[in-house]
Amino acid sequence: MLENLLTEQRNPASEGIDALPTEQILRIANAEDLKVAKAVTPEIPRIAEAVEAIVAAIRRGGRLFYIGAGTSGRLGVLDAAECPPTFSVSPDVVQAVIAGGEGALWQSTEASEDDPEAGARDLLERGFTANDVLVGIAASGRTPYVLGAVAAARKLGAVTAGICCTPDSELSRVVDIAIAPLPGPEILAGSTRMKAGTATKLVLNMISTAVMIRLGHVFGNLMVNVRPTNAKLIDRARRVIAAASGVDERRAAELLDAAGGSVRAAIVMARLGVDRQEAERRLEASGGRVSEVFRNG
């Protein structure tokens, strides 16, 4: 059972770690962390498959849902929360459901992960439909809360993906797309907030970033949908406009103001020499994609 899971095994590299000096403890942790990115590499084909399914769903009006418990749930919430300010998408586009609800973000409610019916109920109460995509997150690959939600999503006919850190897990067997990086035993046996959590965070970052790139929310490697809502983001917006348009930052600031705070419109205005109204018209005709505006002339 649980004792046989890869995520529950003892790590030979960290035996006796409690008796070591601080620097050596940290070197062991760092050496184990170096294995995480390499563990994700073999999963890129499955991650790509998930990205394409999510892009297709969003283009037809669907959404991306993450669901998890404990660390896995919190990581899903973090990734979903980052999408609106980074890519200027509605909070509805990428949503996260965590066992125990909002309170579980800062206080452990791990007992709630054992209820598969709660997972199904929480997902469906958020309005999940067959047009959406569900990504279940469970380091162990066996969390009942997540499995219950996956079963409900599959019953609706929705595409499902799973992220876990154990081989041949129950989660991997029941989803359409199984993503299973295997970073190995933790330096503290069973503490999946560590290597497994890092692997999960890497995969989630890859999924959401690639989805937004494919949807046209990026121009080159610039975050052209960034919302300039504070001093740091205003400065970033100006620098993005300058880099994309070849103007200096003083001119970029003027363009940002003239575009009503829209980085995309400011770039189109600068490069095509049009006013805000025309820039917005061209962006609308190109589905909001800056690169498409220039391809369309």
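What you see is a predicted model; the values in this text were computed from it and never measured.

**Observations regarding the nonpolar core**
So, point 1. Ranked by size, the top nonpolar core spans 40 residues in total, and within it Tyr66 and Ile207 carry the most contacts.
So, point 2. Not counting the four nearest positions on each side in its chain, Tyr66 is found in contact with Gly76, Asp79, Ala80, Val94, Gln95, Ala96, Val97, Val135, Ile137, Leu204, Ile207 and Ser208.
So, point 3. Formed by 25 residues, the second largest nonpolar core is a distinct cluster that contains Val240, Val263, Ala279 and Leu283.

**Structural notes on the pattern of salt bridges**
So, point 1. The tally for this structure, following the rule as stated, stands at 15 salt bridges.
So, point 2. Of the charged contacts, one joins Glu32 and Lys195 as a salt bridge, the two residues approaching to 2.7 Å between their closest N and O atoms. You can see Glu32 sitting in helix α1 (residues 22-40) and its partner Lys195 sitting in helix α7 (residues 195-214), a full 163 residues away along the chain. Each member of the pair, Glu32 together with Lys195, is buried.
So, point 3. Because the salt bridges share partners, they merge into one network encompassing Glu32, Lys35 and Lys195.

**Re the packing of aromatic side chains**
So, point 1. Considering all chains together, one arrives at 2 aromatic pairs under this definition.
So, point 2. An angle of 80° between the planes, with centres 5.2 Å apart, marks the rings of Phe65 and Phe128 as edge-to-face. Of this pair, Phe65 sits in strand β1 (residues 64-68) while Phe128 sits in the loop between α4 (116-125) and β3 (133-137), and the two are 63 residues apart along the sequence. Across this residue pair, the class does not change: Phe65 and Phe128 are buried.
So, point 3. With a centroid separation of 5.7 Å and an interplanar angle of 55°, the aromatic rings of Phe219 and Phe294 are classed as tilted. A residue pair is termed long-range when its members are at least 10 positions apart, and Phe219 in the loop between α7 and α8 (231-245) and Phe294 in helix α12 (residues 290-295) qualify at 75 residues.

**A short note on the sheet that holds β3**
So, point 1. Overall, parallel pairing links the 5 strands, which are arranged β2-β1-β3-β4-β5 in an open sheet. For this open sheet the edge positions go to β2 (94-98) and β5 (177-179), each flanked by a neighbour on one side alone. Ignoring which end each strand starts from, the neighbouring axes of this sheet average 20° apart.
So, point 2. Where β1 lies against β3, 5 bridges are found, and the strand directions are parallel. Within β3, the position partnered with Tyr66 by the bridge is Val135.
So, point 3. Sitting on the sheet, helix α2 (residues 44-59) touches β1, β3, β4 (159-163) and β5, and the angle it makes with β5 is about 135°.

**Things to note about α4**
So, point 1. Within α4 the residues assigned to the buried category are Ala118, Gly119, Ala120, Asp122 and Leu123.
So, point 2. Those residues of α4 hidden inside the fold are in contact with β1, β2, β3 and α5 (144-156).
So, point 3. The residue sitting at the N-terminus of α4 and contributing the capping side-chain oxygen is Asp115; that oxygen lies 3.0 Å from the backbone nitrogen of Glu117.

**Topic: the environment of Leu215**
So, point 1. Following the sequence through the fold, Leu215 ends up in the loop between α7 and α8.
So, point 2. Judged by relative accessible area, which is 9%, Leu215 ranks as buried.
So, point 3. Residues Leu215 and Val55, spaced 160 residues apart in sequence, show a C-alpha to C-alpha distance of 6.7 Å.
So, point 4. With residues up to four places along the chain from it excluded, the contact list for Leu215 reads Val55, Ile58, Arg59 and Arg289.

**Details of the packing of α2 against α7**
So, point 1. At their nearest, the axes of α2 and α7 sit 9 Å apart, and the two run at 45° to each other. Between α2 and α7, the crossing angle belongs to the class labelled oblique. Judged by the twist between their axes, the crossing of α2 over α7 is right-handed. Between α2, through Ile44, Ile47, Val51, Glu52, Ile54, Val55, Ile58 and Arg59, and α7, the contact on the second element is made entirely by Val203, Met206, Ile207, Ala210, Val211 and Arg214.
So, point 2. Looking at the contact of α2 with α7, its residues break down into 11 nonpolar, no polar and 3 charged.

Each value, and the rule that gives it
Residues numbered from 1 in each chain as written. Predicted model: local features only at pLDDT ≥ 70, side-chain atom pairs only at ≥ 80, totals over all residues. Heavy atoms only, no water. Core = buried A, V, L, I, M, F, W, Y, C linked by side-chain atoms within 4.5 Å. Buried < 20%, exposed > 50% of the residue type's maximum accessible area, 1.4 Å probe, protein only. Contact = heavy atoms within 4.5 Å. Salt bridge = Lys/Arg side-chain N within 4 Å of Asp/Glu carboxyl O. Helix = DSSP H or I, 4+ residues; strand = E, 2+ residues; numbered from the N terminus. Phe/Tyr/Trp six-rings, centres within 6.5 Å; stacked < 30°, edge-to-face > 60°. Pairing = 2+ DSSP bridges. Axes fitted to C-alpha atoms, helices over the stretch in contact; angles between N-to-C directions. Polar contact = N/O pair within 3.5 Å; in protein donor to acceptor, adjacent residues only side chain to side chain. Parallel < 35°, antiparallel > 145°, perpendicular 65-115°, else oblique. Left-handed = near helix turned anticlockwise from the far one by under 90°. Nonpolar A, V, L, I, M, F, W, Y, C, P; charged D, E, K, R; others polar.

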